[in-house]
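# Descriptive structure summary
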Amino acid sequence: MSTVSQQHDHILILDFGSQVTQLIARRVRESGVYCEIWPFNQADETKIKKFAPKGIILAGGPCSVLQKDAPSAPECVFEMGLPVLGICYGQQTMVKQLGGVVEAGKSREFGRAFVDVIAHSALTDGVWDEGAHEQVWMSHGDHVASLPEGFEVIAKSEGAPFAFIADTARNFYGVQFHPEVVHTPHGAELYRNFTHNVCGCKGDWTMASFREEQIAKIREQVGDKKVICGLSGGVDSSVTAILIHEAIGDQLTCIYVDTGLMRTGESEQVVDLFRNHYNIPLIHEDASERFLGGLAGVSDPEMKRKLIGSMFIDVFEDCSKRVGGAEFLAQGTLYPDVIESVSFTGGPSVTIKSHHNVGGLPDYMKLGLVEPMRELFKDEVRALGRELGMPEDFIRRHPFPGPGLAIRIPGEITDDKIEILRKADVIYLDEIRKAGLYDEIWQAFAVLLPVKTVGVMGDARTYEYVCALRAVTSTDGMTADFYPFSHEFLGKVSTRIINEVKGINRVCYDITSKPPGTIEWE
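First things first, this report covers the structure right here in the doc. (Residues numbered from 1 in each chain as written. Predicted model: local features only at pLDDT ≥ 70, side-chain atom pairs only at ≥ 80, totals over all residues. Heavy atoms only, no water.)

## Observations concerning the packing of aromatic side chains
Any aromatic ring pair is given by two values, namely how distant the centres are and how the planes are angled relative to each other. Counted under the stated rule, the structure contains 15 aromatic pairs. Judged by centre distance (4.4 Å) and plane angle (20 degrees), the rings of F485 and F489 are stacked. Comparing F485 with F489, the two get one shared label, buried. Pairwise contacts between aromatic rings join Y428, Y483, F485, F489 and Y509 into one cluster. (Phe/Tyr/Trp six-rings, centres within 6.5 Å; stacked < 30°, edge-to-face > 60°. Buried < 20%, exposed > 50% of the residue type's maximum accessible area, 1.4 Å probe, protein only.)

In structure tokens, the structure reads:
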């Protein structure tokens, strides 16, 4: 349940399992309105009234409303007098539950489509004109075949005669397309019309107000107790630490564990930022020998992750004892972590790979959790970092995994391999920045493969490692596409790496999307 102040308007999003539900939340928040995503089957009238939303959005989902035991919205959603917007599956279940008809489509629509706008509505006001032919993004098989009483058609497409419907008397709206994706060009404006024009939201939820409110909540939660925060060097834990320090000052001590698996200059940058720039109490623990020794001879990726996690806990616990009397642990938990921890079906989720997180601390440490970011998305954390005055180059840093370079060296890890990979990675990121591409890319890094190939350098035979380059675009890291570098760029990077990094004589570029691949190699 939200800890956001009730002085702000709320929108509730009920999730039916869509892959893009988080994008709906992002669009709503971009309009200055706070919202939360709940599994459809964990919402009842009491909970909804306590949350006090100004409107409800029914998201999409992979099921068919024609299936036996198909998910449906709580009946109270349509009886509370609140505006409701149904998206794709959300539109279909709304229509079915209110007495309309949904049928299996003879012709499906997936991808770019066009709708003809045939009537005006509060959602299209100032966005789409009557008679317009507008691009949208469709992804559906079933479609609405007959409307419930009170509804009218606002727009239609070739495969969906009721692509956009409205019951203006009850403020119920439904669209078969997905306004939240960028392929629906004016989708964000449609959402804004719903939140502001239909629901009457003020749009006053900003990072400035979030900062002020969270500082007050941290002070109330912590009182005069001590807090420890594990720094990874990434944006999430860094913003968490700086916000908490602003709230409670020297009651916070940060712990930075140098595993020996960091990128070039990373540890120095973290220590300088927190100890010298922000003057935050910091324990900098160089445990590189311990980690590299513990990983010697280990090749299995899951074993690497588990060993790193276990050693991290031991080192972190040792460091926390030096603080003495700490009663709280600060974590950079984000809203996607919270959402993904709850399955809308209630079933188990498949473990793709273990995640390294300070949250794995043993129960006997008995520390209360301070998680001020747990209601924010990644882009909102960066916005909060700017609000806190953090250096821009630090805020814009690409995500870096907890296990560090260990999972970018498939096979056994050695000091030599780490050094080779660091040098290649520096060159790769340097060229990306020089080309002005860094901010277009979600994550970019080099991987040192456990493969050697024959090469020729200076008329001499070489037998050295292969380096793979990876760069992806993404909005949240859940899905990703490879970045389409030009061959000229890749050729330049390859030449630099081979010429400047002793130990690599061949460079490849990874063009796998997620899914089917993961972003990291291990």
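## Let's talk about empty space enclosed by the protein
Scanning the model with the defined rule gives one cavity of 30 Å³ or more in all. For the largest cavity, the calculated volume is near 30 Å³. Lining the largest cavity are L85, I87, L123, V175, P179, L190 and Y191. Put simply, the parts of the chain that give the lining of the largest cavity at least two residues each are β4 (84-87) and α4 (187-198). Residues that form the lining of the largest cavity fall into these classes: seven nonpolar, no polar and no charged. (1 Å grid on protein atoms, 1.4 Å probe; cavity = no way out; pocket = protein on both sides within 12 Å on 5 of 7 lines; lining within 4 Å. Points joined across faces, edges and corners; volume = space filled by probe spheres on them. Helix = DSSP H or I, 4+ residues; strand = E, 2+ residues; numbered from the N terminus. Nonpolar A, V, L, I, M, F, W, Y, C, P; charged D, E, K, R; others polar.)

## So, the pairing of strand β17 (residues 443-457)
By the bridge criterion, twelve bridges tie β17 to strand β18 (residues 460-473) in an arrangement that is antiparallel. Looking across to β18, one finds that F445 is bridged to R470. The loop that links β17 with its antiparallel partner β18 comprises two residues; one of these, G458, has a positive phi angle of about 60 degrees. (Pairing = 2+ DSSP bridges.)

## Things to note about the pattern of salt bridges
Applying the stated criterion across every chain yields a total of 28 salt bridges. D510 is paired through a salt bridge with R470; the nearest N and O atoms lie 3.4 Å apart. Taken as a pair, D510 in the segment after β20 (504-509) and R470 in strand β18 lie far apart in primary sequence, 40 residues in all. Of the two residues, D510 and R470, neither departs from the other in class, the shared state being buried. (Salt bridge = Lys/Arg side-chain N within 4 Å of Asp/Glu carboxyl O.)

## Quick word on the nonpolar core
In terms of nonpolar packing, the biggest core is built from 120 residues, with L58, Y428, I432 and F485 touching the most fellow members. Residues within four places of L58 in sequence aside, it is in contact with L14, F16, A73, V77, F78, V84, L85, G86, I87, G90, T93 and M94. Within the second largest apolar cluster, 42 residues are counted, among which are V115, V127, V136 and A155. (Core = buried A, V, L, I, M, F, W, Y, C linked by side-chain atoms within 4.5 Å. Contact = heavy atoms within 4.5 Å.)

## Details of the packing of helix α5 (residues 207-222) against helix α6 (residues 235-248)
Interaxial distance between α5 and α6 falls to 9 Å at its minimum, and their mutual angle equals 65 degrees. Comparing their axes, α6 and α5 come out roughly perpendicular. Remark: the crossing between α5 and α6 carries right-handed chirality. Between α5 and α6, the residues in contact are R211, Q214, I215, I218, R219 and V222 and L243, I244, E246, A247 and I248, respectively. Class assignment of the residues belonging to the contact of α5 with α6 gives a composition of seven nonpolar, one polar and three charged. (Axes fitted to C-alpha atoms, helices over the stretch in contact; angles between N-to-C directions. Parallel < 35°, antiparallel > 145°, perpendicular 65-115°, else oblique. Left-handed = near helix turned anticlockwise from the far one by under 90°.)

## Topic: helix α3 (residues 89-97)
For α3, a buried count of eight out of nine residues is recorded, marking the element as mostly surrounded by other parts of the structure. Of the residues making up α3, those classed as buried are Y89, G90, Q91, Q92, T93, M94, V95 and Q97. Where α3 terminates, the next one or two residues include G99, which has phi positive at roughly 105 degrees.

## Details of helix α9 (residues 301-323)
Relative to the 33 Å expected for 23 residues at 1.5 Å per residue, α9 spans 33 Å between its end C-alpha atoms, a close match to the ideal helical length. Capping the start of α9, D300 holds a side-chain oxygen 3.2 Å from the backbone nitrogen of E302, two or three residues further along. G324, located one to two residues past α9, shows a positive phi value of around 75 degrees. (Expected span 1.5 Å × (residues − 1). Polar contact = N/O pair within 3.5 Å; in protein donor to acceptor, adjacent residues only side chain to side chain.)

## Focus on the sheet that holds strand β12 (residues 226-231)
Here we have five strands laid out as an open sheet, ordered β14-β13-β12-β15-β16, and parallel in their pairing. Edge strands, defined here as strands with exactly one partner in the open sheet, are β14 (282-286) and β16 (368-370). Pairwise comparison of adjacent strand axes, ignoring direction, gives a mean angle of 30 degrees for this sheet. With five bridges joining them, strand β13 (residues 252-258) and β14 adopt parallel strand pairing. Counted as the bridge partner of V257 is E285 from β14. Of the strands in this sheet, β12, β13 and β14 touch helix α7 (residues 266-277), which is tilted by about 165 degrees from β14.

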